[in-house]
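Below are the chains, spelled out letter by letter.
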Amino acid sequence: MKERLSRKVSAIESSITLEVSAIAGRMRAEGHHVIAFGAGEPDLPTPDVVQDAAVQAIREGRGRYTPAAGIPALREALSARFQADGFPLPADQVMVTAGAKSALFLAFYALLNEGDECVFPAPYWSSYTEMVKAGGGTPVILATSAGDDFQPDADRLRETLTDRTRVLLLNSPNNPTGTVYSRETLLAIAEVVRERDLVVITDDIYEHLIYTDEPFTNLLHVAPDLADRTLVINGLSKSHSMTGWRMGFAGGPKALIQAMSRTQSQIAGSPPSITQHAALAALANPPAPDRLASLDARRRLLMGELAKIDGVTCPEPRGAFYAFPDISAYLGKSGVPDAIAFTKALLEAKLVAAVAGDAFGAPGHIRLTYCTSEEDIREGVRRIGELLSELA
Ligand SMILES: Cc1ncc(COP(=O)(O)O)c(C=O)c1O
């Protein structure tokens with residue numbers, strides 16, 4: 001059958017993060033205690049008020065198809081949320097999707113013809129390359145460096161653009177580095193967007209997860225004139241622990257939202273109905289501050305533990321819930337040539353699940369999600385240090 005699959009689907013690789021989680025899940029089912037630094041999923045529970053709203057929606061018989069762009073009440077609520085974030089988007093410029101992932105795919109599908117390029121900074125979230133390909137375009141990487149706090153540089157962006165570049169994709173707070181883009185970075189990027197007439201997608205899924213005083217800043221905050229070409233994507237997976245509920249949303253130019261809704265009407269029908277009613281409750285109840293405090297405590301603990309390992313460097317992640325240490329000093333030794341081999345050995349020999357930086361366009365690194373217990377963070381980093389010292 002394999003040879004009968006389309007070229008476009010054959011080019012798509014499966015999500016490494018989900019694969020690591022699946023292997024860790026199987027090992028757990030066999031009775032092993034696997035330390036989970038793999039999946040990008042909060043371990044905090046979905047708020048009760050959201051769960052209650054879902055149960056009530058089920059009891060009220062709201063499990064029917066909804067309009068393709070989402071129920072009107074939710075589109076209104078999302079419009080208000082965008083407004084509060086500083087983006088004046090009426091309800092007809094907002095749509096609901098089955099997770100931010102769906103919104104991203106629908107956007108690429110709507111914006112890219114074959115051979116059109118979508119540029120995004122590396123390290124990048126591993127799904128971007130595959131989703132751009134699935135949407136019909138070509139992913140192009142804009143390199144950044146730890147020394148520059150992983151901020152995308154406008155001049156380097158200019159050099160990366162070609163006459164096929166259509167879309168620039170930004171993600172701050174960033175998965176996997178945890179960096180948060182500064183106003184200066186975004187002001188300089190906005191200049192390039194104007195010069196080169198690009199469409200911008202900003203993936204703001206970690207908006208509410210910033211651990212410093214710096215404000216969350218989106219391109220539209222520094223360049224509101226770009227609203228006619230910017231699509232903002234967000235969701236409730238990370239902010240309200242609703243990963244499996246599949247609740248994302250997008251706001252932007254009307255013609256783009258209409259095109260994405262049209263596609264959604266044909267391929268999914270509508271976003272999940274019960275989830276939409278639960279989302280109304282989630283939006284009315286912003287995440288409790290102790291959620292952020294709990295993640296921050298674990299972020300600090302992880303950084304402290306990593307600092308004990310000689311030769312491993314890790315810029316402080318200021319947002320999202322990942323750390324992205326550079327372990328390259330230890331690679332190429334004892335039959336462990338790269339981070340992929342390292343994470344494999346880490347899982348098999350030390351029962352610690354982490355994702356190799358190669359999946360994020362950054363070989364020599366590993367991504368650690370710190371949504372796990374403090375005890376597991378201490379023990380997990382101890383085991384990482386142990387394996388590294390065995391290599392050295
Ligand atoms: C940067 C980024 N965007 C989007 C998503 C997808 O979120 P959702 O669960 O809403 O599809 C993730 C999930 O890991 C992510 O890290």
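Participant: Can you break down the nonpolar core residue by residue, with the values?
Facilitator: Phe342 and Ile384 are the most contacted members of the largest nonpolar core, which has 64 residues in total. Residue-level mapping places this core at the junction of two domains, with at least three residues from each of domain 1 (2-45 + 288-391) and domain 2 (48-284). Once you skip the residues sitting within four places of it in the chain, Ile384 turns out to touch Phe37, Ile309, Phe342, Leu346, Val352, Ile366 and Leu368. Residues Ala57, Leu78, Leu89 and Ala278 belong to the second largest nonpolar core, which totals 42 residues.

Participant: Residues and numbers for the pattern of salt bridges, please.
Facilitator: Going through the model one piece at a time under the given rule, you end up with 26 salt bridges. Across the pair Arg166 and Asp116 runs a salt bridge whose closest N-O atoms are separated by 3.7 Å. Here Arg166, found in strand E5 (residues 165-171), pairs with Asp116, found in the loop between helix H5 (99-111) and strand E3 (117-122); they are 50 residues apart in sequence, far enough to count as distant. Using a relative accessible area of 33% as the deciding quantity, one classes Arg166 as partly exposed. Linking Arg229 and Asp197 is a salt bridge whose minimum nitrogen-to-oxygen distance equals 3.2 Å.

Participant: Go over empty space enclosed by the protein, please, and point to the residues and values.
Facilitator: What the rule picks out here adds up to four cavities of 30 Å³ or more. Approximately 60 Å³ is the volume attributed to the largest cavity. Taken together, Leu170, Asn171, Ser172, Tyr181, Leu186, Thr202, Asp203, Asp204, Phe216, Thr217, Asn218 and Leu219 form the lining of the largest cavity. Sorting the residues of the lining of the largest cavity by element identifies E5 and strand E6 (199-203) as the ones contributing at least two each. Of the residues belonging to the lining of the largest cavity, the class tally is five nonpolar, five polar and two charged.

Participant: I'd like a description of the site of the ligand, backed by residues and values.
Facilitator: Of all residues adjacent to the ligand, which total 13 residues, the nearest are Ala100, Asp203, Ser237, Lys238 and Arg246. The contact in question runs from an oxygen atom of the ligand to an N or O atom on the side chain of Asn175, over 2.8 Å. Asp203 is positioned such that a nitrogen or oxygen atom in its side chain is 2.6 Å from a nitrogen atom of the ligand. In isolation the ligand exposes 400 Å². Once the protein is present, 93% of that is buried. More than half of the atoms belonging to the ligand lie within 2 Å of the grid points that define the largest pocket.

Participant: Describe in detail the environment of Thr263, supporting the description with residues and values.
Facilitator: In this fold, Thr263 is placed in helix H10 (residues 254-267). Overall, Thr263 belongs to the buried group, its relative accessible area being 17%. The spacing of Thr263 and Leu106 is 157 residues in sequence and 7.2 Å in space, taken between C-alpha atoms. Setting aside its immediate chain neighbours within four residues, Thr263 contacts Leu106 and Tyr109.

Participant: Got a sec to walk through the environment of Ala69? Specific residues and values, please.
Facilitator: Relative to the elements of secondary structure, Ala69 occurs in the loop between helix H3 (48-59) and helix H4 (72-85). You can call Ala69 buried: its relative accessible area is 8%. A sequence separation of 267 residues divides Ala69 from Val336, and the C-alpha atoms of the two residues are 48 Å apart. If we ignore the near neighbours within four places in the chain, the residues touching Ala69 are Arg75, Met95, Val96 and Ser261.

Participant: Which residues make up the side chain of Arg298, and what values do they have?
Facilitator: Inspection of the secondary structure puts Arg298 in helix H12 (residues 289-306). A residue is classified by how much of its surface remains accessible, and Arg298, at 6% relative accessible area, is buried. Within polar-contact distance, the side chain of Arg298 engages the side chain of Asp43 at 2.8 Å.

Participant: So what's going on with the pairing of E5? Residues and values would help.
Facilitator: Within E5, six of the seven residues are buried, leaving the element largely enclosed by the surrounding structure. Here E3 pairs with E5 via three bridges, running parallel. Note that in E5 the partner of Glu117 across the bridge is Thr165. Judged from the five bridges that link them, E5 and E6 form a sheet pairing that is parallel. Paired with Leu169 across the bridge in E6 is Ile201. Crossover E5 to E6 through helix H8 (residues 183-196) is right-handed.

Participant: Mind laying out a nonpolar patch on the surface, listing which residues take part and the relevant values?
Facilitator: Where nonpolar side chains cluster on the molecular surface, the patch consists of Met1, Leu5, Val9 and Ile12 and spans about 380 Å² of accessible area. Looking at the secondary structure, you find Met1 in the segment before helix H1 (7-10). Taking the relative accessible area as the measure of exposure, Met1 reaches 67% and is therefore exposed.

Participant: So what's going on with the layout of surface pockets? Residues and values would help.
Facilitator: Its volume calculated, the largest pocket comes out at about 530 Å³. Along the wall of the largest pocket there are 26 residues; nearest its centre are Leu18, Gly40, Lys101, Trp125 and Lys238. No other element matches the four residues that H5 contributes to the lining of the largest pocket. When grouped by side-chain class, the residues that make up the lining of the largest pocket number nine nonpolar, eleven polar and six charged. When residues of the lining of the largest pocket are sorted by domain, at least three fall in each of domain 1 (2-45 + 288-391) and domain 2 (48-284).

Rules used in this analysis
Residues numbered from 1 in each chain as written. Predicted model: local features only at pLDDT ≥ 70, side-chain atom pairs only at ≥ 80, totals over all residues. Heavy atoms only, no water. Core = buried A, V, L, I, M, F, W, Y, C linked by side-chain atoms within 4.5 Å. Buried < 20%, exposed > 50% of the residue type's maximum accessible area, 1.4 Å probe, protein only. Domains from an automatic or database assignment. Contact = heavy atoms within 4.5 Å. Salt bridge = Lys/Arg side-chain N within 4 Å of Asp/Glu carboxyl O. Helix = DSSP H or I, 4+ residues; strand = E, 2+ residues; numbered from the N terminus. 1 Å grid on protein atoms, 1.4 Å probe; cavity = no way out; pocket = protein on both sides within 12 Å on 5 of 7 lines; lining within 4 Å. Points joined across faces, edges and corners; volume = space filled by probe spheres on them. Nonpolar A, V, L, I, M, F, W, Y, C, P; charged D, E, K, R; others polar. Near = heavy atom within 4 Å. Polar contact = N/O pair within 3.5 Å; in protein donor to acceptor, adjacent residues only side chain to side chain. Areas by Shrake-Rupley, 256 points an atom, 1.4 Å probe, with all protein chains shown as cover. Sits in = over half its atoms within 2 Å of the grid points. Pairing = 2+ DSSP bridges. Right-handed = clockwise from strand over helix to strand, strands pointing away. Patch = residues over 30% accessible without salt bridge, like charges linked within 9 Å, V, L, I, M, F, W, Y side chains within 5 Å.

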